[in-house]
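Listed below are the residues making up each chain.
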Amino acid sequence: QGENHTQPLFCIEPGIPCHFAREQASELMGYVRDMTLSGLIEEKPQLIWASLYLGALTKALMDDAELGMVR
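The rules behind the values
- Residues numbered from 1 in each chain as written.
- Predicted model: local features only at pLDDT ≥ 70, side-chain atom pairs only at ≥ 80, totals over all residues.
- Heavy atoms only, no water.
- Helix = DSSP H or I, 4+ residues; strand = E, 2+ residues; numbered from the N terminus.
- Buried < 20%, exposed > 50% of the residue type's maximum accessible area, 1.4 Å probe, protein only.
- Contact = heavy atoms within 4.5 Å.
- Areas by Shrake-Rupley, 256 points an atom, 1.4 Å probe, with all protein chains shown as cover.
- Axes fitted to C-alpha atoms, helices over the stretch in contact; angles between N-to-C directions.
- Parallel < 35°, antiparallel > 145°, perpendicular 65-115°, else oblique.
- Left-handed = near helix turned anticlockwise from the far one by under 90°.
- Nonpolar A, V, L, I, M, F, W, Y, C, P; charged D, E, K, R; others polar.
- Expected span 1.5 Å × (residues − 1).
- Salt bridge = Lys/Arg side-chain N within 4 Å of Asp/Glu carboxyl O.
- Patch = residues over 30% accessible without salt bridge, like charges linked within 9 Å, V, L, I, M, F, W, Y side chains within 5 Å.
- Core = buried A, V, L, I, M, F, W, Y, C linked by side-chain atoms within 4.5 Å.

## Observations concerning the overall build of the protein
Along its length, the protein carries two helices and zero strands. Of all 71 residues assigned to the protein, the portion counted as buried reaches 21%. Across the protein, contacts joining residues at least 24 apart in sequence account for 61% of those joining residues at least 6 apart. Within the structure as shown, the protein displays about 5,800 Å² of accessible surface, and the carbon and sulfur contribution to it stands at 61%.

Next comes the structure, spelled out in structure tokens:
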């Protein structure tokens, strides 16, 4: 396994319009914001960690949409 093969963990399926994926990513970012604020106000670090993970998945979705728009 000398070659470096990477598989996207979270990506847009073929046939899904990039603008739709970006709209969904925007909605997910709203949830990230809400979870982060709730975690801080309620002193629940598990919500902050969950929002961090969801934010990373959302970024992957946005990156994939960007690649699709460039192609």
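## Considerations on the packing of helix 1 (residues 18–41) against helix 2 (residues 45–70)
In contact at an axis separation of 9 Å, helix 1 and helix 2 are set at 165° when each is read in the N-to-C sense. One way to sum up the angle between helix 1 and helix 2 is to call them roughly antiparallel. Read as a crossing pair, helix 1 and helix 2 show a hand that is left-handed. A per-class count over the contact of helix 1 with helix 2 returns 17 nonpolar, seven polar and two charged.

## Remarks on helix 2
The first and last C-alpha atoms of helix 2 sit 38 Å apart over 26 residues, in line with the 38 Å expected at 1.5 Å per residue. Inspection of helix 2 places Ser51, Leu54, Gly55, Leu57, Thr58, Leu61, Asp64 and Ala65 among the buried residues, and these make up the whole buried set. Buried residues along helix 2 sit against helix 1.

## Regarding the pattern of salt bridges
Summed over all chains, the structure comprises four salt bridges. Note that glutamate 66 and arginine 22 form a salt bridge whose closest N and O atoms lie 3.6 Å from each other. One end of the pair, glutamate 66, is in helix 2; the other, arginine 22, is in helix 1, with 44 residues separating them in the sequence.

## Focus on a nonpolar patch on the surface
Together, Leu37, Leu40, Ile41 and Ile48 line one region of the surface with nonpolar side chains, adding up to about 400 Å² of accessible area. Here the nonpolar patch gets three residues from one element, more than from any other, and that element is helix 1. Relative to the helices and strands, leucine 40 is located in helix 1.

## Quick look at the nonpolar core
If you look at soluble globular proteins, the nonpolar side chains tend to sit buried side by side. Ile12, Ala21, Ala25, Leu61 and Ala65 form the largest nonpolar core, which has five residues in total. Breaking this core down by element, the ones donating at least two residues are helix 1 and helix 2.

## Topic: unusual backbone geometry
Non-glycine residue glutamate 43 carries a positive phi angle of around 55°. Relative to the elements of secondary structure, glutamate 43 occurs in the loop between helix 1 and helix 2.

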